[in-house]
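Structural description and commentary
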Amino acid sequence: MTKQKTAAEAVAMIPDNAVIAVNSSSGLCCPDAVLSALGERFDNEGSPRNLTSIHPIAAGDFFGTKGIDHYAKVGCLSTIIGGSYPSGPTNAEPPLIWQLITGNKIKAYNLPSGIIFDMLREGAGHRPGVLTKVGMDTFVDPDQEGGAMNEAAAQDPIVKRLDFEGEDWLYFSALKPDVAIIRATTADQRGNLSFESEGAYLGAMEMALAAHNTGGKVIAQVRRVTANGTIRPHDVRVPGILVDAVVEAPEMLQTTETKYDPAISGEVIRPLDSFQMMDFGVPKVIARRVAKQLQKGWAVNVGFGVSANVPRIFLEEGRHGDVTWVIEQGAVGGIPLLDFKFGCAANAEAFVASPHQFSYFQAGGFDASMLSFLEIDADGSVNVSRLKATPHRTAGAGGFVDITARAKSIIFSGTFNAGAKMHIEDGRLVIDKEGHTAKFVPKVDQVSFSGKRAIAQGQKAVYVTERCVIELREQGLVVTEIAPGIELQRDILDQAATELKVADDLREMDASLFQPEPIGLTP
């Protein structure tokens, strides 16, 4: 019997009260045609109802791939467990999923992406759950918020603190989906799946195993269906024995606003001179200073924000290849891409399944991570996951908590405060108009990274801004470098809403950072 079905036929397999798991990262690998059919079925039939939806990384975005918003409807969706959520401009209308969350109409949880993958793997193996220290002393910890995003979720906790062999651990119960909805490039008639035109595997295999091994169904959206025997065994990433339905969607995007770029999927290698470099300005100064923190031979995680441009600083400086970039979606090496293609890399050396990449991150197997920040408080803790005024402006924690849990070295980067207008003139930073909101605060609104825990674990944390560099030390936040043209008291200490200490050997930031010419990077 053929496994090929229309999207409508496939989603007819989803019963009321089902737990579904979706493999996606914004538009990357998003099975949007199937999710659209799911929403249409609910509109037409009032079913399926009361779904729990699991998303280690966000499904959909603001820019044409609706993802979770197809079925973010009262009655259809009752619970969501997400590592991240669609995010976009402050002035944009919040997606439907955010309206349900902030309206307290569903139970919504934000857990570390890697932990959600682990919960699915535990479900696949019929094990009870995940025992980990990832997330301790952050908002994921039940001693703080337990990952609950609203009051409805807070009334139904899903993480516990347990004593095991004399140590405190966080415990997350295994996830056992009734349906996994995944995406690949090609399926043969037996349902074997290959990913040759995808920019990642994410957790397709883990989700399929979790659903299949607990008696559930696996729905795979693909670009094309081919005859049996046409996919090489080594190219099959999910075997057909796990797949129940195949939905052909030939027009699906490769990732957000990208129909197809063969460099994303490693099918061609882009010339290095085809990558656009940063224009000279304040963001480039920050990215350059971050680059100077790295050492040759390191494996470095790249997060969203200014630091996402650091690989291009290395490229511009003729140092491409000195550092290997690793991203949570699974690419190793190459050049991580920007904007709508963030989460993909061109010219990657390898693609690793996201659950394996997160195991690498959670154990601190890499050398450094470059991440952004919303707020930093007196003990060095960082909030990157919640912005109360406009929740949809942030995506939640994503892999941030997994990555920072044991990272040896973390470089946080961003502007010193919000809203400042600045320019660089004659090698000096000039503040044209001071910012309206402090980012260095007495207490962050949500703890995504615990400074106290970092100190206890011997982690190194540095905060790079356009006007100064700050290190986390046992005595607190210490200003170690200051930009040329900046006055310490007026432009830094008076603009922070919490105490910043000053190093006895305070020095000026490298003058070359503030000139348009290459800086002579020598990591």
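First, a word on what this report is: a plain description of the structure on this page. Predicted model, so just to flag it, every value in this text is computed and none were measured.

Overview of the overall build of the protein chain
Summing up its helical and strand segments, the protein chain has 12 helices and 33 strands in all. Expressed as lengths along the three principal axes of its C-alpha atoms, the size of the protein chain is roughly 75 × 50 × 45 Å. Considering only contacts in the protein chain between residues 6 or more positions apart, those separated by 24 or more positions represent 76%. Taken as a whole, the protein chain presents about 20,000 Å² of accessible surface, with 49% of it coming from carbon and sulfur. Side chains of the protein chain carry 49 positive and 64 negative charges; the gap between the two charge centres is 3 Å.

Considering the packing of helix α4 (residues 113-124) against helix α9 (residues 354-362)
Packing of α4 against α9 leaves a shortest axis separation of 9 Å and a crossing angle of 120°. Between α4 and α9, the crossing angle belongs to the class labelled oblique. Between α4 and α9 the crossing geometry is left-handed. When α4 is examined against α9, the residues Ser113, Gly114, Ile115, Phe117, Asp118 and Arg121 are found in contact with a partner set consisting of Ser354, Pro355, His356, Phe358, Ser359 and Gln362.

Digging into the side chain of Ser372
As for its position among the elements, Ser372 is in strand β21 (residues 368-372). A polar atom in the side chain of Ser372 sits 3.4 Å from the backbone oxygen of Phe304. With near-sequence residues (within four places) excluded, Ser372 lies in contact with Phe304, Gly305, Val382, Val384, Phe400, Phe412 and Ser413.

Regarding the sheet that holds strand β5 (residues 129-132)
If you walk across this open sheet you meet the three strands as β5-β7-β6, and the pairing is antiparallel. With partners counted over all chains shown, the strands left at the sheet margins are β5 and β6 (159-164), one partner each. Neighbour to neighbour, the strand axes of the sheet diverge by 35° on average, direction disregarded. Sheet analysis places β5 next to strand β7 (residues 167-173), joined by four bridges and oriented antiparallel. Looking at the pairing, Thr132 lines up with Leu170 of β7. Against the sheet, α4 engages β5 and β7, with an angle of about 135° to β5.

A closer look at the nonpolar core
Formed by 71 residues in total, the largest nonpolar core has its most connected members in Leu294, Phe412 and Tyr463. Looking at this core, the element that brings in the most residues is helix α7 (residues 282-291), giving six residues. Not counting chain neighbours up to four residues away, the residues in contact with Tyr463 comprise Ile376, Gly380, Val382, Phe412, Phe449, Cys468, Val469, Ile470, Glu471, Leu472 and Leu477. Core analysis: the next-biggest nonpolar cluster, separate from the first, contains 44 residues, Leu175, Ala180, Ala204 and Val401 among them.

A word on the pattern of salt bridges
Two side chains with opposite charge may pair up if their charged atoms get near one another. Here the structure, examined in full by the defined rule, presents 30 salt bridges. A salt bridge links Arg127 to Glu122; the shortest N-O distance between them is 3.2 Å. Judged by relative accessible area, which is 39%, Arg127 ranks as partly exposed. Relative accessible area serves as the criterion here: at 17%, Glu122 is assigned to the buried category. With its nearest N and O atoms 2.7 Å apart, the salt bridge here joins Asp322 to Arg319. Taking relative accessible area as the criterion, Arg319 reaches 23% and is therefore assigned partly exposed.

Structural notes on the environment of Glu145
Along the polypeptide, Glu145 turns up in the loop between β5 and α5 (151-154). The partly exposed category is assigned to Glu145, whose relative accessible area is 25%. Separated by 256 residues in sequence, Glu145 and Val401 place their C-alpha atoms 14 Å apart. Those residues within four positions of Glu145 in sequence are excluded, and the remaining contacts are Phe139, Arg386, Asp445 and Gln446.

So, the packing of aromatic side chains
One pass over the full model with this rule turns up 16 aromatic pairs. Between the aromatic rings of Phe62 and Phe63, the centroid separation amounts to 6.1 Å while the plane-to-plane angle is 40°, which identifies the pairing as tilted. When its relative accessible area of 21% is taken as the criterion, Phe62 is described as partly exposed. Among the aromatic side chains, those forming a connected cluster through ring pairs are Phe117, Phe358, Tyr360, Phe361 and Phe366.

Details of α4
Compared with the 16 Å implied by 1.5 Å per residue over 12 residues, the 17 Å span of α4 between its first and last C-alpha is a close match. In terms of residue burial, α4 counts as a mostly covered element, since 11 of its 12 residues are buried. The set of residues buried in α4 consists of Ser113, Gly114, Ile115, Ile116, Phe117, Asp118, Met119, Leu120, Glu122, Gly123 and Ala124. Note on α4: the residue one or two positions beyond its end, His126, has a positive phi of about 55°.

Cut-off values and rules
Residues numbered from 1 in each chain as written. Predicted model: local features only at pLDDT ≥ 70, side-chain atom pairs only at ≥ 80, totals over all residues. Heavy atoms only, no water. Helix = DSSP H or I, 4+ residues; strand = E, 2+ residues; numbered from the N terminus. Contact = heavy atoms within 4.5 Å. Areas by Shrake-Rupley, 256 points an atom, 1.4 Å probe, with all protein chains shown as cover. Lys, Arg positive; Asp, Glu negative; His and termini not counted. Charge placed at Lys NZ, Arg CZ, Asp CG, Glu CD. Axes fitted to C-alpha atoms, helices over the stretch in contact; angles between N-to-C directions. Parallel < 35°, antiparallel > 145°, perpendicular 65-115°, else oblique. Left-handed = near helix turned anticlockwise from the far one by under 90°. Polar contact = N/O pair within 3.5 Å; in protein donor to acceptor, adjacent residues only side chain to side chain. Pairing = 2+ DSSP bridges. Core = buried A, V, L, I, M, F, W, Y, C linked by side-chain atoms within 4.5 Å. Buried < 20%, exposed > 50% of the residue type's maximum accessible area, 1.4 Å probe, protein only. Salt bridge = Lys/Arg side-chain N within 4 Å of Asp/Glu carboxyl O. Phe/Tyr/Trp six-rings, centres within 6.5 Å; stacked < 30°, edge-to-face > 60°. Expected span 1.5 Å × (residues − 1).

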